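Here's the letter readout for the chains.
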Amino acid sequence: MVEIKVVNKGHHPLPQYATEQSAGMDLRANLDNPIILQPMERRLIPTGIYIALPEGYEAQVRPRSGLALKKGITVLNAPGTIDADYRGEVGVVLINLSQEAFTVNDGERIAQLIFARYEQGCLIPVEALDETERGAGGYGHTGVK
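Residues numbered from 1 in each chain as written. Predicted model: local features only at pLDDT ≥ 70, side-chain atom pairs only at ≥ 80, totals over all residues. Heavy atoms only, no water.

## Description of the environment of Ile114
Reasoning step 1: On the secondary structure map, Ile114 appears in strand β10 (residues 109-117).
Reasoning step 2: Here Ile114 falls in the buried class, since its relative accessible area comes to 11%.
Reasoning step 3: Here the alpha-carbon distance between Ile114 and Ala23, two residues 91 residues apart in the chain, equals 6.4 Å.
Reasoning step 4: Contacts of Ile114, omitting those with residues within four sequence positions, involve Ala23, Gly24, Glu58, Ala59, Gln60 and Arg62. (Helix = DSSP H or I, 4+ residues; strand = E, 2+ residues; numbered from the N terminus. Buried < 20%, exposed > 50% of the residue type's maximum accessible area, 1.4 Å probe, protein only. Contact = heavy atoms within 4.5 Å.)

## Points about the side chain of Gln60
Reasoning step 1: Structurally, Gln60 can be placed in strand β5 (residues 57-62).
Reasoning step 2: Under the relative-accessibility criterion, Gln60 is labelled buried at 10%.
Reasoning step 3: At a separation of 2.8 Å, a polar atom in the side chain of Gln60 contacts the side chain of Glu58.
Reasoning step 4: In terms of polar contacts, Gln60 uses its side chain to reach the side chain of Arg62, at 2.4 Å.
Reasoning step 5: Sequence-distant contacts of Gln60, that is, excluding residues within four places in its chain, are made with Pro79, Gly80, Gln112, Leu113, Ile114 and Ala116. (Polar contact = N/O pair within 3.5 Å; in protein donor to acceptor, adjacent residues only side chain to side chain.)

Here you go:
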């Protein structure tokens, strides 16, 4: 388990895992007043949470499946990446993909926060890439089997 330093400037408890084997911690909206998201509207929702990640880690902000299925509410830039050197408030870009207005209430669980290791790459310019069976075949190139 990786240790993450956190400052909670919100008025809700720290994010928690819902179950022992949950991958993501629930992020809650930290609002003074409810926010109404109209159909196809997007807004940055504050959480009141500030984190300091260790080098080599990122935090991913992902949608909650229940909100997506039941209400059409999702995270627009899913997964949103929080870099290890970012020290601002964790915000969640929500979008309403439904046909009805949706009210985001203070304390509502709006997204999940997942911590992941990563490695930076070093790009090496070359004249050509090695050949593979797939080659340049892109989206859907293998067809339906």
